[in-house]
Amino acid sequence: MDELLKLLKKNALESPRNLAKMLKSTPKKVKAKIDQYEKAGVIRGYQAIVNEDQLDLNRVYAVIEVKITPEREGGFNRIATRISKFPEVESLYLMSGGYDLLVFVKGRNLKEVAFFVSEKLATIDGVVSTATHFKLKTYKEQASDGG
């Protein structure tokens, strides 16, 4: 990863002018490189990382390990794509190890998340088993760095 991307990961709000100073470049060149990264999909967006524990939002977060039967032609892709379309799903990853997919979900309460798992997720053809873990407290959270 180049230095510009590293700096943007630390502070996505840093101005092109300040970035240029740090990189010994010009604001115009920095802005052009950022535009290039955005158009190519290297930079997919910018986000604020909010400590929701401080906001008392009464939301429940869970991580669900999912074992699935891969399909002959599509492997895990069809099932993963289907799961990713549920509004409860915040993130979804293909994993190595004892399970196939790792699903991060959000709900208003335990009952809502339990309903999602039992009525929506577990009923999908090809889903063999699930194991749900509920988040109790956040100690550290940061934006995904993709690596």
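Please read these numbers as outputs of a predicted model, since none were measured by experiment. (Residues numbered from 1 in each chain as written. Predicted model: local features only at pLDDT ≥ 70, side-chain atom pairs only at ≥ 80, totals over all residues. Heavy atoms only, no water.)

Chemist: What should I look at first to understand the pattern of salt bridges in this one?
Modeler: Side chains that differ in sign of charge can pair as their charged atoms come close. Within the structure shown, the criterion is met by six salt bridges. We note a salt bridge from arginine 78 to glutamate 71, for which the minimum N-O separation is 2.6 Å. Relative accessible area serves as the criterion here: at 41%, arginine 78 is assigned to the partly exposed category. Arginine 108 is the salt-bridge partner of glutamate 112, the closest N and O atoms lying 2.8 Å from each other. (Salt bridge = Lys/Arg side-chain N within 4 Å of Asp/Glu carboxyl O. Buried < 20%, exposed > 50% of the residue type's maximum accessible area, 1.4 Å probe, protein only.)

Chemist: What's the story with the pairing of strand E3 (residues 101-107) in this structure? I'm lost.
Modeler: Strand residues, when the strand is regular, have side chains that alternate between the two faces of the sheet. Across the seven residues that make up E3, a large majority, five, are buried. Both strand E1 (residues 60-68) and E3 contribute to a ladder of seven bridges, which runs antiparallel. The residue of E3 that forms the bridge with isoleucine 64 is valine 103. Of the pairings in the sheet, the one linking strand E2 (residues 89-94) to E3 comprises five bridges and is antiparallel in character. Within the sheet, the bridge partner assigned to tyrosine 93 lies in E3 and is leucine 102. The hairpin turn running from E2 into E3, its antiparallel successor, is six residues long, and glycine 97 in that turn takes a positive phi close to 105°. (Helix = DSSP H or I, 4+ residues; strand = E, 2+ residues; numbered from the N terminus. Pairing = 2+ DSSP bridges.)

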